Amino acid sequence: MVVHHRHLVPCLALSICAVASGCTGETNDDGDVGSTSQAVVSPNTDTFPSTYARQWMTNLSNSVKGDRIHPVVAARTYSYGAIAIYEALVNGMPGYRSLGGQVNGLGQMPTPDANKVYDWPTVLAQTMRRVSMETYVFPLRLFFEYTTNTEASLDELGPAQIGHRLVAGVTPQVSADSIAFGNQLADKLVAWINSDGYSVARFKGWVPPVGPDKWVPTGFSDTDKVANPEEPWFGQLVRPIVLTSPDECKPPPPPPFSTDPSSQWYIEAKEVYDTE
C-alpha cells in the first residue's frame, strides 16, 4: 500500500546521498577540472564535494514544503529525485551499478562515451534540472501567467551549478559533453517516471463507500465536508519502485468494526479519541 512505498523513500534517499557525500576535493591533481590533459579519463565522483546533490535534495524538500505537497506525492518526489542523482553519478563511481534493470520499469540507462571526458557535477546539474521540472507535481492553479517560487528554484539551480563549474575550470567542451549526457539520462528518467501511473491516479474520480464502518470526511468548512482522502488510488494504480505489488507488505486486517464498548475495535478507537 502507499505507506510501504513511503517507507522505501528515506532508505533510498539516504543511501544515495551517502554515496554522493563520499567526496573530498574540488579539482583534480592537475588543478584543472575536466582538463583534456587527462585524455579520456573522467575524474571519479569522489574527487568532488557532495554539495550539488545536497542542494538538489534541499531544493526538492523546500519545494514540497512551500507548495504544501501531501506526504504521498512528496515520497514520490524524493524517491525519483534520489534515483536521478544516483544515475547522474554512478558512471563516475567504480564498482557501482546503474539501477536500470533493477527497479520496476527502468530499462538499460545510457552509458558515457569512452572517448569523452565528463564533469559529473555538471551531469548531475543538467539531469536534475530536467527531471525536476518535467516530473515535479506542481499544484493545480487557475492562472499560469506567472512563475511560482518552486518553478524558479527548480529551473534556475541547474544553470547556476553549471556556471560555477565553468568558473572552477571545467572546459567548455567538457561542459557541453556533460550537459549532453545529462540530457540523455533525463530523457530516459523522465519517460520512466511519467509512466508510473500517477497521472491517471491523480485525476481519477473516487466515490467513497457508504456505511457505519466507512471513512467520512471531517472538518468544519464546506470544502472539508466534501473532501476526498489523499490519493485513494495511489496504492492500486501507481507502479511500485521495487516491490512486485504493494500486497507484498500487506498488513494484517484491523479488528472488525463494532459499536460494542467491550469490543477490541471500540476500545482502540476510544483510546485514540481520548488521547489529547
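Bear in mind that the values here come from a model prediction, so they are computed numbers and not experimental data. (Residues numbered from 1 in each chain as written. Predicted model: local features only at pLDDT ≥ 70, side-chain atom pairs only at ≥ 80, totals over all residues. Heavy atoms only, no water.)

## Concerning the overall build of the chain
Rules: Each helix is a run of DSSP H or I of at least 4 residues and each strand a run of E of at least 2, with the numbering of both proceeding from the N terminus. Relative accessibility under 20% of the residue-type maximum defines a buried residue, over 50% an exposed one, and the middle range a partly exposed one, all with a 1.4 Å probe and only protein chains included. Two residues form a contact once any of their heavy atoms are found within 4.5 Å.
Helix and strand content of the chain: ten helices and zero strands. What you see in the chain, going N to C, is helices and strands ordered as α-α-α-α-α-α-α-α-α-α. Evaluated residue by residue, the chain yields a buried proportion of 40% over its 276 residues. The contacts in the chain between residues at least 6 apart in sequence include a share of 74% that link residues at least 24 apart.

## Quick word on the environment of G92
Here G92 shows up in the loop between helix 3 (71-89) and helix 4 (120-135). C-alpha separation for the pair G92 and W120, spaced 28 residues apart in sequence, amounts to 6.9 Å.

## Thoughts on the side chain of S63
Structurally, S63 is set in helix 2 (residues 51-67). Residues in contact with S63, not counting those within four places in the same chain, are Y136, T150, S153 and L154.

## Regarding helix 6 (residues 172-193)
Applicable threshold: Multiplying 1.5 Å by the residue count of a helix minus one yields the expected span of that helix.
Here helix 6 contains 22 residues, and its C-alpha end-to-end distance of 31 Å stays within 8% of the 32 Å for a straight helix at 1.5 Å per residue. Among all positions of helix 6, only V174, S175, D177, S178, F181, G182, L185, A186, L189, V190, W192 and I193 are buried.

## Observations regarding the side chain of N59
Summarising the element assignment, N59 is placed in helix 2. Given a relative accessible area of 9%, N59 falls into the buried group.

## Things to note about the pattern of salt bridges
Note the cut-off: Salt bridges are counted wherever a side-chain nitrogen of Lys or Arg sits within 4 Å of a carboxyl oxygen of Asp or Glu.
What the rule picks out here adds up to eight salt bridges. For K116, the salt bridge is made with D177, and the minimal N-O distance between the two is 4.0 Å. Taken as a pair, K116 in the loop between helix 3 and helix 4 and D177 in helix 6 lie far apart in primary sequence, 61 residues in all. For K116, a relative accessible area of 33% gives the class partly exposed. Notably, a salt bridge pairs D187 with R130, separated by 2.7 Å at the nearest N-O pair. You can see D187 sitting in helix 6 and its partner R130 sitting in helix 4, a full 57 residues away along the chain. Classification of D187 as partly exposed rests on a relative accessible area of 45%. We classify R130 as buried; its relative accessible area is 17%. Sharing partners across several salt bridges, the network here consists of R130, E134 and D187.

## A closer look at the nonpolar core
Our working definition: Buried Ala, Val, Leu, Ile, Met, Phe, Trp, Tyr and Cys residues that are joined via side-chain atoms within 4.5 Å together make up what is termed a nonpolar core.
Counting 48 residues, the largest nonpolar core has I85, L124, L189 and W192 as the members making the most contacts within it. At the level of secondary structure, the elements contributing two or more residues to this core comprise helix 2, helix 3, helix 4, helix 5 (149-168), helix 6 and helix 7 (198-203). Counting residues per element, this core draws most heavily on helix 3, which supplies ten residues. Not counting residues up to four positions away in its chain, the partners in contact with L124 are Y52, A53, W56, I85, A88 and L89.

## Some details on the packing of helix 4 against helix 5
The condition is simple: Only the stretch in contact is used when a helix axis is fitted, and all axes are lines through C-alpha atoms; the angle between N-to-C directions ranges over 0 to 180 degrees. Orientation categories follow fixed angle ranges, with anything under 35 degrees roughly parallel, anything over 145 roughly antiparallel, 65 to 115 roughly perpendicular, and all other angles oblique. Each crossing gets its hand from how the near helix is turned against the far one by less than a right angle, where anticlockwise is left-handed and clockwise is right-handed. For this classification, Asp, Glu, Lys and Arg are treated as charged, while Ala, Val, Leu, Ile, Met, Phe, Trp, Tyr, Cys and Pro are nonpolar and the rest, including Gly, are polar.
At their nearest, the axes of helix 4 and helix 5 sit 9 Å apart, and the two run at 165° to each other. When the axes of helix 4 and helix 5 are compared, the pair comes out roughly antiparallel. When you trace helix 4 past helix 5, the crossing you get is left-handed. Where helix 4 abuts helix 5, its residues P121, T122, A125, Q126, R129, S132 and M133 lie against E151, L154, D155, G158, P159, Q161, I162 and R165. A per-class count over the contact of helix 4 with helix 5 returns six nonpolar, five polar and four charged.

## Structural notes on the packing of aromatic side chains
Inclusion rule: Stacked, tilted and edge-to-face are the three classes applied to pairs of Phe, Tyr and Trp rings, where Trp contributes its six-membered ring and a pair requires centres within 6.5 Å; stacked means planes under 30 degrees apart, edge-to-face means over 60, and tilted covers the rest. Here, a charge over a ring means that NZ of Lys or CZ of Arg falls within 6 Å of the ring centre while also lying within 35 degrees of the ring normal.
Tallied over the full model, the rule gives eight aromatic pairs. Among the aromatic residues, those joined into a ring-pair cluster are Y118, W120 and F181. Stacked on the ring of W233, the Lys or Arg K204 has its end atom at 4.9 Å from the ring centre.

## Topic: unusual backbone geometry
Phi at R68 takes a positive value of approximately 55°, unusual for a residue other than glycine. One can find R68 in the loop between helix 2 and helix 3. Its identity is not glycine, yet E231 carries a phi of approximately 50°, on the positive side. Looking at where E231 falls in the secondary structure, it is placed in the loop between helix 8 (222-225) and helix 9 (234-237).

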